[in-house]
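Spelled out from the first residue to the last, the chains are:
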Amino acid sequence: MIRPLPSVAALSPYPMADPAPPGSIALSQNESAFPPSPAVAEALRRAAEGAELYPDTDWTALRAALGAAHGLDPARLLCGAGSMELIGALIRAFAGPDDEVLAPAQGYIFVATAAAQAGARYVTAPERDFRVDIAALLAAVTPATRIVFLCNPGNPTGTAIANAEIVGFRERLAGDVLLVIDQAYGEFDGQDAAPLFRLVERGDTVVIRTLSKAYGLAGARVGWGLFPPEIAEEVRKLISPGNVAATSQAMAVAALADQAYMRRTVAVTAARRGRFAAGLRALGLTPPESRTNFVLIPFADPETAAAADRALKAAGLILRSMRGYGLGHCLRATIGPEPAMERTLAVIAEVLRGRNVDGPGVR
Ligand SMILES: Cc1ncc(COP(=O)(O)O)c(C=O)c1O
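We now turn to the structure provided with this report. (Residues numbered from 1 in each chain as written. Predicted model: local features only at pLDDT ≥ 70, side-chain atom pairs only at ≥ 80, totals over all residues. Heavy atoms only, no water.)

Attention now moves to the overall build of the protein. Along the backbone of the protein there are 14 helices and 11 strands. In terms of overall size, the protein behaves like a compact globule, its C-alpha atoms giving a radius of gyration of 21 Å where 363 residues would be expected to give roughly 21 Å. Residue burial in the protein is summarised as follows: out of 363 residues, 54% are buried. Considering only intrachain contacts with a sequence separation of at least 6, the fraction spanning at least 24 residues in the protein is 72%. For the protein, the exposed surface amounts to about 15600 Å²; the carbon and sulfur share of it is 56%. In the protein, 35 positive and 36 negative side-chain charges are present, and the distance between their average locations comes to 4 Å. (Helix = DSSP H or I, 4+ residues; strand = E, 2+ residues; numbered from the N terminus. Rg over C-alpha atoms; globule rule 2.2 N^0.38 Å. Buried < 20%, exposed > 50% of the residue type's maximum accessible area, 1.4 Å probe, protein only. Contact = heavy atoms within 4.5 Å. Areas by Shrake-Rupley, 256 points an atom, 1.4 Å probe, with all protein chains shown as cover. Lys, Arg positive; Asp, Glu negative; His and termini not counted. Charge placed at Lys NZ, Arg CZ, Asp CG, Glu CD.)

Next up, the structure:
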């Protein structure tokens with residue numbers, strides 16, 4: 001019998017989104033509603049011709065493109081196979097058994113998994129009305145806190161706090177606690193990220209971003225972060241050399257070069273999100289104000305959420321159950337194609353009217 005380490009055997013698998021059967025529409029993983037810039041396909045074709053070679057382990061062209069797009073020094077950037085890889089490596093590098101990783105109650109759930117993988121304790125501070133509560137986070141810091149993980153805008157809430165609040169938080173947080181700011185949805189937020197990037201110069205703060213959302217490259221697995229050099233040095237030891245495929249690096253460079261396309265898709269998504277949220281409010285629901293490409297939908301109770309989930313699935317619409325987040329009364333809807341959003345509203349309306357609660361028939 002081959003036995004895993006007890007610490008590994010004790011881990012729970014990461015709670016994935018429900019699979020989307022063929023013919024259904026996945027509104028469950030906050031993927032872009034749009035394909036990437038047309039320039040990406042041509043870059044992929046050209047990169048495929050050199051696929052016999054290993055990728056650039058220093059992400060040279062990709063870092064240059066990221067630096068140019070954000071006005072940052074490429075030498076301060078690291079790239080990951082999705083930002084998940086960087087989040088996992090950061091936690092493994094700076095938190096272990098008996099250490100605490102602190103996050104807001106409705107924090108990005110992969111952080112809890114990554115903390116468990118590192119053997120660290122995942123601790124949460126309450127939020128208020130689905131919003132990060134900085135005072136509660138500060139109050140939850142203990143001598144064991146090694147990392148505070150702050151996602152702004154948040155997933156699954158979609159809400160954002162002012163970047164100035166994060167700067168104030170950093171100033172009040174002890175200098176030996178690493179602050180990781182996850183800006184996976186930063187492009188949808190519209191706040192100037194420069195004050196957050198400047199925090200990195202302190203040496204105790206990291207900003208993480210991804211091309212999976214606004215750039216429509218979730219399938220390419222490209223994340224990146226702005227790191228203080230001493231922290232980057234440790235994280236690099238924990239990521240695989242050649243972690244980002246050459247084809248993915250080339251696709252990312254092409255996507256970054258087409259900022260106008262990215263901005264257009266973000267604007268169209270935001271307009272759709274506004275209509276969808278207004279539709280939910282017209283049904284008497286109270287979604288928190290989203291600054292992302294998804295909307296959290298709180299129902300009266302977990303039973304209504306489960307009934308809505310069943311009816312939506314029967315209609316071929318796969319939303320994300322929030323049970324794994326401890327929010328059983330909510331569903332999360334990624335903003336997808338307009339007809340899918342209209343259909344989602346129609347199915348929810350039917351469920352709320354008390355029909356089709358117990359089964360399909362809403363096709
Ligand atoms: C807040 C947040 N951070 C990070 C990620 C991971 O993104 P990726 O690994 O695709 O870069 C996600 C994906 O949903 C997310 O919502």
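Structure shown, so let's carry the discussion forward.
Relative to the 16 Å expected for 12 residues at 1.5 Å per residue, helix α4 (residues 83-94) spans 17 Å between its end C-alpha atoms, a close match to the ideal helical length. Regarding α4, the residues found buried are Ser-83, Glu-85, Leu-86, Ile-87, Gly-88, Ala-89, Leu-90 and Ile-91. (Expected span 1.5 Å × (residues − 1).)

What follows deals with a nonpolar patch on the surface. Together, Leu-5, Val-8 and Leu-11 make up a nonpolar patch on the protein surface, roughly 260 Å² of accessible area in all. In this structure, Leu-5 sits in the segment before α1 (6-9). A relative accessible area of 58% means that Leu-5 is categorised as exposed. (Patch = residues over 30% accessible without salt bridge, like charges linked within 9 Å, V, L, I, M, F, W, Y side chains within 5 Å. Salt bridge = Lys/Arg side-chain N within 4 Å of Asp/Glu carboxyl O.)

Here the focus is the site of the ligand. Neighbouring residues of the ligand: 13 residues in total, closest Ser-83, Asp-182, Tyr-185, Thr-210 and Ser-212. In the model, an oxygen atom of the ligand is placed 3.1 Å from a nitrogen or oxygen of the Met-84 main chain. Protein burial of the ligand: of its 400 Å² of free accessible surface, 93% is covered by the chains. Among the cavities detected, the one that contains the ligand is the largest pocket. Partitioning the shell around the ligand into residue classes produces 5 nonpolar, 5 polar and 3 charged. (Near = heavy atom within 4 Å. Polar contact = N/O pair within 3.5 Å; in protein donor to acceptor, adjacent residues only side chain to side chain. 1 Å grid on protein atoms, 1.4 Å probe; cavity = no way out; pocket = protein on both sides within 12 Å on 5 of 7 lines; lining within 4 Å. Sits in = over half its atoms within 2 Å of the grid points. Nonpolar A, V, L, I, M, F, W, Y, C, P; charged D, E, K, R; others polar.)

This part covers the sheet that holds strand β1 (residues 25-27). Spatially, β1-β10-β11-β9 is the arrangement adopted by the 4 strands of the open sheet, whose pairing is mixed. Both edges of this open sheet fall to β1 and β9 (294-298), since each of them pairs with a single strand only. When the angles between neighbouring strand axes are averaged without regard to direction, this sheet yields 35 degrees. In terms of strand pairing, β9 meets strand β11 (residues 330-334) through 5 bridges, oriented antiparallel. Residue pairing across strands places Val-295 opposite Ala-333, the latter belonging to β11. (Pairing = 2+ DSSP bridges. Axes fitted to C-alpha atoms, helices over the stretch in contact; angles between N-to-C directions.)

Attention now moves to the side chain of Gln-249. Here Gln-249 lies in helix α11 (residues 246-257). Of note is the side chain of Gln-249, whose polar atom sits 2.9 Å from the backbone oxygen of Val-244. Not counting residues up to four positions away in its chain, the partners in contact with Gln-249 are Pro-55, Asp-56, Trp-59, Leu-62 and Val-244.

With that out of the way, let us pick up the sheet that holds strand β3 (residues 100-104). Strand order in the open sheet made by the 7 strands is β2-β8-β7-β6-β5-β3-β4, with mixed pairing throughout. Two strands close off the open sheet at either side, each with one partner strand: β2 (77-80) and β4 (121-125). The sheet shows a mean angle of 25 degrees between the axes of neighbouring strands, taken without regard to direction. Pairing of β2 with strand β8 (residues 223-226), which is carried by 4 bridges, proceeds in the antiparallel orientation. Residue pairing across strands places Leu-78 opposite Gly-225, the latter belonging to β8. Together, β2, β3, β5 (145-151), β6 (178-182), β7 (205-210) and β8 form the strand contacts of α4, whose direction differs from that of β7 by roughly 155 degrees. Along the sheet face, helix α5 (residues 109-117) touches β3, β4 and β5 and points at about 150 degrees away from the line of β4.

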